[in-house]
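Inside the fold
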Amino acid sequence: MKFAGAMTRVFTACAIVFALASCERPPAPRGQGLWSYWSTDMTPVKITFKRMEPVPGVKLPPDMVIPRAYIKFALPYKWPTPKTMPDVATDVDALVLFLAHDTGEPLPIAERRIANSDPDDVDRRLYAYFNVYYAPTKREPGFTQYEKPPPRPEAWKPGMPVDEDGIVRVESPNGLYKISGCKVSGGEPPRPTLFCAYYARITPRITVGANFADYRAMGGLPFAERVLSVIKKKLCEFSDCSN
């Protein structure tokens, strides 16, 4: 009976830790978080974002159609509720995707190729994860102040500090990127295994908040521009970027 009581306490503890009665190990490698899905399934998931002012009785077409393997989570859908993403996800209010930015393939598919011995089990220099903000659902707070920045006097070069304005232009005057949140500070040299936060206007409807390697340790702004361009290309495969 003492053994039975101990087992009851263990299962209770598991329920508290996961907020669900489950002791299963998350499918994603270490470092990806308890909510992360991790699937190599490329079948499509139809995503419809939650509207700030929904119209009762109106059925909306999907805003994006995304291969399941790209989806880290799409709140309220997160591992393990449900354990796999459904084919149709509605009222999504937070969408996070991940990919290998050298090829654009989903991170779970690229895992074996870019496996590493660090705590994440995948090489942090080679992948990105990013929040997708879809108007009129919601936009990244404060992003509008970066819509019309002054031009940079010169391009960033290796050995220079972070750009003063933190802005990179990609493809057009509407493709503006804010860089912030680089984790190395106090005079330490930047490291490629530590991420910076990159905020990007992809289309008039879509902005992203991306996290990937510190561009100062990866050759400068051309690296950031290339990764953000890969993200933009993928998102335009998943949704209509023409308007």
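Higher on the page you've got the structure.
Overview of the structure. (Residues numbered from 1 in each chain as written. Predicted model: local features only at pLDDT ≥ 70, side-chain atom pairs only at ≥ 80, totals over all residues. Heavy atoms only, no water.)

Points about the overall build of the protein
For the protein, the helix and strand inventory stands at three helices and ten strands. Walking the protein from its N terminus toward its C terminus, one meets helices and strands in the order α-β-β-β-β-β-α-β-β-β-β-β-α. Expressed as a percentage of contacts within the protein between residues at least 6 apart in sequence, the contacts between residues at least 24 apart total 60%. For the protein, the accessible surface area stands at approximately 13,000 Å², while carbon and sulfur atoms represent 58% of it. (Helix = DSSP H or I, 4+ residues; strand = E, 2+ residues; numbered from the N terminus. Contact = heavy atoms within 4.5 Å. Areas by Shrake-Rupley, 256 points an atom, 1.4 Å probe, with all protein chains shown as cover.)

Details of the pairing of strand β9 (residues 195–201)
For β9, the buried fraction is high: seven of the seven residues fall into the buried class. Burial along β9 is two-sided: Phe195, Ala197, Tyr199 and Arg201 and Cys196, Tyr198 and Ala200, pointing in opposite directions, are all buried. Two elements, β9 and strand β10 (residues 206–213), share seven bridges in a ladder whose sense is antiparallel. Residue pairing in the sheet places Tyr198 in a bridge with Ala210 of β10. Where β9 folds back onto β10 in an antiparallel hairpin, the turn is made up of four residues. (Buried < 20%, exposed > 50% of the residue type's maximum accessible area, 1.4 Å probe, protein only. Pairing = 2+ DSSP bridges.)

Quick word on the side chain of Ser239
By the secondary structure assignment, Ser239 is in the segment after α3 (221–238). Within the local environment of Ser239, its side chain forms a polar contact with the backbone oxygen of Leu235, the two atoms lying 2.9 Å apart. Setting aside its immediate chain neighbours within four residues, Ser239 contacts Asp63, Met64 and Ile206. (Polar contact = N/O pair within 3.5 Å; in protein donor to acceptor, adjacent residues only side chain to side chain.)

Things to note about the packing of aromatic side chains
With the rule as written, the count across this model stands at nine aromatic pairs. Here Trp35 and Phe73 contribute two aromatic rings whose centre-to-centre distance is 5.5 Å and whose plane-to-plane angle is 90°, an arrangement assigned as edge-to-face. Of the two residues, Trp35 sits in the loop between α1 (2–18) and β1 (44–49) while Phe73 sits in strand β3 (residues 71–75), which places them 38 residues apart along the sequence. Look at Trp38 and Phe98: their rings are 5.5 Å apart centre to centre, the planes differ by 85°, and that puts the pair in the edge-to-face class. (Phe/Tyr/Trp six-rings, centres within 6.5 Å; stacked < 30°, edge-to-face > 60°.)

Focus: the state of the cysteines
This model, assessed by the stated rule, comprises two disulfides. Each disulfide pairs two cysteine sulfurs, and for Cys236 the partner residue is Cys241, the sulfurs being separated by 2.1 Å. What sets the handedness of the Cys236 and Cys241 disulfide is the S-S torsion sign, and at about -100° it is left-handed. Taking relative accessible area as the criterion, Cys236 reaches 28% and is therefore assigned partly exposed. Its relative accessible area of 23% is what places Cys241 among the partly exposed residues. (Disulfide = S-S within 2.5 Å.)

Observations regarding the environment of Lys232
You can see Lys232 is positioned in helix α3. We classify Lys232 as buried; its relative accessible area is 16%. Placed 25 residues apart in sequence, Lys232 and Thr207 show a C-alpha to C-alpha distance of 9.5 Å.

Here we look at the sheet that holds strand β4 (residues 88–92)
Spatial ordering of the open sheet is given by β2-β1-β4, a layout of three strands whose pairing is mixed. Pairing within the sheet leaves two strands with one partner each, and these edge strands are β2 (64–67) and β4. Going from strand to strand, the sheet's axes swing by 30° on average, the running direction of each strand aside. Relative to β4, β1 runs parallel, the two sharing three bridges. Bridge pairing in β4 places Lys46 opposite Val88. (Axes fitted to C-alpha atoms, helices over the stretch in contact; angles between N-to-C directions.)

Digging into the nonpolar core
In terms of nonpolar packing, the biggest core is built from 43 residues, with Ile47, Met64, Val132 and Leu235 touching the most fellow members. The biggest single contributor to this core is α3, with nine residues. Ignoring sequence-local partners within four residues, the contact set of Ile47 consists of Pro62, Asp63, Met64, Ile66, Ile71, Ala74, Met85, Ala89 and Val92. Counting residues in each nonpolar core, the second largest holds ten residues, with Ala28, Trp38, Phe98 and Ile114 among its members. (Core = buried A, V, L, I, M, F, W, Y, C linked by side-chain atoms within 4.5 Å.)

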